[in-house]
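# Descriptive analysis of the structure
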Amino acid sequence: MLSQKVTQEFFLIALGVDPEANRVLLDRSIDLFERSLELLLNGDGMLIPASPSLEITAKLDRLAKEWKVLKAALQAGQKEVVAEQNLVVLKEAGAVVELYEKAAHVAGHKRHGPIAKLAARQRILCQRLLKDVAMLADQKGATAQKALRADIKTVRAQFEKAL
């Protein structure tokens, strides 16, 4: 998910890892998130329809609200807020995906096969793992490092279990 990608890019910049290139990537990812959210809410009038239900629109509005908090933290360089808020945005985005899947099923559309769903899950786990490693390299406190190491272990186990 893009929330994990922007967080990864943010922490790579904070670590001094090719900051110019990662700043360009971060700016592009922020722009892509915002354009995608706008399209999900309003459609494009041609290929992408507007949100199909009030429930999805409400969840997209909630996602937009949480995204604004994350974006502001990314732009202000607030590491602690970024570290927490990216997970809030990820959770909200996951809820939006679930609502779209439910709406598609109700409308009679076939769901993606198990392989496509597994591939998407693995991609999310990879982004989360990369983000956690970048955050771990930036953390000074033992408690935060311990929590990140535990999360890395959990993510690795989830990734391997799904194989």
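For the structure given in this document, a descriptive report is provided here. Worth saying up front: this structure is predicted, and the values here are computed from it rather than measured.

## A word on the pattern of salt bridges
For the structure on display, the rule yields seven salt bridges. A salt bridge links Arg23 to Asp27; its shortest N-O distance comes to 3.3 Å. Linking Arg23 with Asp27, this pair stays in helix 2 (residues 19-42), spanning four residues, or about one helical turn. Between Glu92 and Lys59 there is a salt bridge, with the nearest N and O atoms lying 3.4 Å from each other. With Glu92 in helix 4 (residues 79-106) and Lys59 in helix 3 (residues 54-76), this residue pair connects regions lying 33 residues apart in the sequence. When its relative accessible area of 25% is taken as the criterion, Lys59 is described as partly exposed. Three or more residues joined by partner-sharing salt bridges are found here, namely Lys59, Arg62, Glu66 and Glu92.

## Describing the side chain of Ser51
Mapped onto the fold, Ser51 is located in the loop between helix 2 and helix 3. Exposure remark for Ser51: the relative accessible area of 15% places this residue in the buried category. Of the polar contacts made by the side chain of Ser51, one reaches the backbone oxygen of Ser53; its length is 3.2 Å. When near neighbours in sequence (up to four residues on either side) are disregarded, Ser51 contacts Leu40, Leu41, Ile56, Thr57, Leu60 and Tyr100.

## Overview of a nonpolar patch on the surface
A cluster of nonpolar side chains, Leu39, Met46, Leu47 and Ile48, forms an exposed patch at the surface whose accessible area comes to about 440 Å². Following the sequence through the fold, Leu47 ends up in the loop between helix 2 and helix 3.

## As for the nonpolar core
Soluble globular proteins tend to pack their nonpolar side chains together in the buried interior. Grouped together as the largest cluster of nonpolar side chains are 28 residues, with contacts concentrated most on Leu63 and Leu74. Those residues within four positions of Leu74 in sequence are excluded, and the remaining contacts are Val6, Phe10, Ile30, Trp67 and Val82.

## Considerations on the side chain of Thr7
Tracing the sequence through the fold places Thr7 in helix 1 (residues 2-14). On the accessibility criterion, Thr7 (0% relative accessible area) is buried. Setting aside its immediate chain neighbours within four residues, Thr7 contacts Val82, Asn86, Lys131 and Met135.

## As for the environment of Lys68
For Lys68, the position within the fold is in helix 3. The class for Lys68 is exposed, based on a relative accessible area of 60%. For the pair Lys68 and Glu34, spaced 34 residues apart in sequence, the C-alpha to C-alpha distance is 9.6 Å.

## Structural notes on unusual backbone geometry
The phi dihedral of Asp18 falls on the positive side, at around 40°, and the residue is not glycine. Along the chain, Asp18 falls in the loop between helix 1 and helix 2.

Rules behind the numbers
- Residues numbered from 1 in each chain as written.
- Predicted model: local features only at pLDDT ≥ 70, side-chain atom pairs only at ≥ 80, totals over all residues.
- Heavy atoms only, no water.
- Salt bridge = Lys/Arg side-chain N within 4 Å of Asp/Glu carboxyl O.
- Helix = DSSP H or I, 4+ residues; strand = E, 2+ residues; numbered from the N terminus.
- Buried < 20%, exposed > 50% of the residue type's maximum accessible area, 1.4 Å probe, protein only.
- Polar contact = N/O pair within 3.5 Å; in protein donor to acceptor, adjacent residues only side chain to side chain.
- Contact = heavy atoms within 4.5 Å.
- Patch = residues over 30% accessible without salt bridge, like charges linked within 9 Å, V, L, I, M, F, W, Y side chains within 5 Å.
- Areas by Shrake-Rupley, 256 points an atom, 1.4 Å probe, with all protein chains shown as cover.
- Core = buried A, V, L, I, M, F, W, Y, C linked by side-chain atoms within 4.5 Å.

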